[in-house]
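Per-entry structural report
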Amino acid sequence: MKKIGFLGCGNMGGALAKAAIKSVGAENIFVFDVDTAKVRLFAEETDVNVSDAEYIVLNCDYIFLGVKPQMLKTLFEKIAPVIEERTTDFTLVSMAAGVSMESIGEMAQVDCPIIRIMPNMPVSVGEGMILYTANEFVSKEELDGFCNAMKFAGILDRIDEDKIDAASCVSGCGPAFVFMFCEALADGAVECGLPRDKALLYAAQTLSGSAQMLMQTGEHPGKLKDAVCSPAGSTIEGVKALEEGAFRASAMNAVKSAYKRTLELGKK
């Protein structure tokens, strides 16, 4: 069984580690984080192995880089000499926003298999979206092994690297925008007299059901929207209010602003 190591066990690294446990078992997962208290609590919860960075780099088949983009250089200053000692095959898996596989390879100071991924928060409940791309050193077997390890995290979709930053601003940043919309729907319902708990339930289920309907029918969202809007009805009046507030333009600008920031982070 392949060993999977996580250098960094924050919210996203921890969520991916939990998904991998379902595929390869906790005994094959190794985690390291500078926050030793946090990583030990995670290990107590999941039964994964607490490790050090050197062990993971020398022994794990897949090495997930779970640190922020601006911390990658510091991380590689510590692990690049260890990577040089490695005599067996391994694959680096980077989730650093805006950082190319070429840059990862330069920091690693070695030509090696690199998979670049952009997961989103819903991977923590098995309903995530993981965008991924791979360099020329990644074999089919290595790619299949990665996909198998992540299969319980949600949907995986391969994309060209020059599109992954833009795509991640929809799937990666999008949950925050969706949560804001859900909260706003619930706030509106509370203003109309609904209790908060029921307002949140109705808003969340409406978003979930609408997303499933969109995916299962394959219909254009505009067509589905039109199907809900009766002539001179309540829904079209609400749609008009959203348009008066530049709802769609605001959503587009949110994605574009996130994309701009992602590119900035990749240059640091």
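Right, let's get into the overall build of the protein chain. In terms of helices and strands, the protein chain carries twelve helices and eight strands. Along the first, second and third principal axes, the C-alpha set of the protein chain runs to 70 × 40 × 30 Å. For the protein chain, the residues scored as buried account for 39% of the 268 residues in total. Of the contacts formed within the protein chain by residues at least 6 apart in sequence, a portion of 62% connects residues at least 24 apart. Per element, the accessible surface of the protein chain, about 15,200 Å² overall, is 56% carbon and sulfur.

Glancing now at the environment of Met 252. With respect to the helices, strands and loops of the structure, Met 252 is situated in helix α12 (residues 247-267). Residues Met 252 and Gln 216, spaced 36 residues apart in sequence, show a C-alpha to C-alpha distance of 24 Å.

Here the focus is a negative patch on the surface. A cluster of like negative charges, contributed by Asp 52, Glu 54, Glu 84 and Glu 85, occupies part of the molecular surface. Within the secondary structure, Glu 84 is located in helix α4 (residues 72-85). Residue classification places Glu 84 among the exposed positions, given a relative accessible area of 68%.

Within the secondary structure, Asn 28 sits in the loop between α1 (11-24) and β2 (29-32). In this structure the side chain of Asn 28 is engaged in a polar contact, spanning 2.7 Å, whose partner is the backbone oxygen of Val 24. When residues no more than four places from it in sequence are discounted, the contact partners of Asn 28 are Met 1, Lys 2, Lys 3, Ile 4 and Asn 49.

Where helix α7 (residues 161-171) meets helix α8 (residues 174-191), the closest approach of the two axes is 5 Å, and the angle between their N-to-C directions is 25°. Taken together, the axis directions place α7 and α8 in an arrangement best described as roughly parallel. On α8, the residues that touch Cys 169, Val 170 and Ser 171 of α7 are Gly 174, Pro 175 and Phe 177. The class makeup of the residues in the contact of α7 with α8 is four nonpolar, two polar and no charged.

For the rest of this paragraph, the subject is the state of the cysteines. Counting across every chain of the model gives zero disulfides. Counting only cysteine sulfurs, Cys 169 is the nearest neighbor of Cys 173, a cysteine outside any disulfide, at a range of 4.5 Å.

Judged by side-chain polarity, Met 121, Val 178 and Phe 179 come together as a nonpolar surface patch covering roughly 300 Å² of accessible area. Relative to the helices and strands, Val 178 is located in helix α8. Using a relative accessible area of 41% as the deciding quantity, one classes Val 178 as partly exposed.

This part takes up the packing of α1 against helix α2 (residues 36-46). At a closest axis distance of 12 Å, the pairing of α1 and α2 adopts a crossing angle of 25°. Accordingly, the angle class assigned to the pair α1 and α2 is roughly parallel. Once α1 is placed against α2, the crossing between them reads as right-handed. Seen from α1, the contacting residues are Gly 14, Ala 17, Lys 18 and Ile 21; seen from α2, they are Phe 42, Glu 45 and Thr 46.

Cut-offs applied
- Residues numbered from 1 in each chain as written.
- Predicted model: local features only at pLDDT ≥ 70, side-chain atom pairs only at ≥ 80, totals over all residues.
- Heavy atoms only, no water.
- Helix = DSSP H or I, 4+ residues; strand = E, 2+ residues; numbered from the N terminus.
- Buried < 20%, exposed > 50% of the residue type's maximum accessible area, 1.4 Å probe, protein only.
- Contact = heavy atoms within 4.5 Å.
- Areas by Shrake-Rupley, 256 points an atom, 1.4 Å probe, with all protein chains shown as cover.
- Patch = residues over 30% accessible without salt bridge, like charges linked within 9 Å, V, L, I, M, F, W, Y side chains within 5 Å.
- Salt bridge = Lys/Arg side-chain N within 4 Å of Asp/Glu carboxyl O.
- Lys, Arg positive; Asp, Glu negative; His and termini not counted.
- Charge placed at Lys NZ, Arg CZ, Asp CG, Glu CD.
- Polar contact = N/O pair within 3.5 Å; in protein donor to acceptor, adjacent residues only side chain to side chain.
- Axes fitted to C-alpha atoms, helices over the stretch in contact; angles between N-to-C directions.
- Parallel < 35°, antiparallel > 145°, perpendicular 65-115°, else oblique.
- Nonpolar A, V, L, I, M, F, W, Y, C, P; charged D, E, K, R; others polar.
- Disulfide = S-S within 2.5 Å.
- Left-handed = near helix turned anticlockwise from the far one by under 90°.

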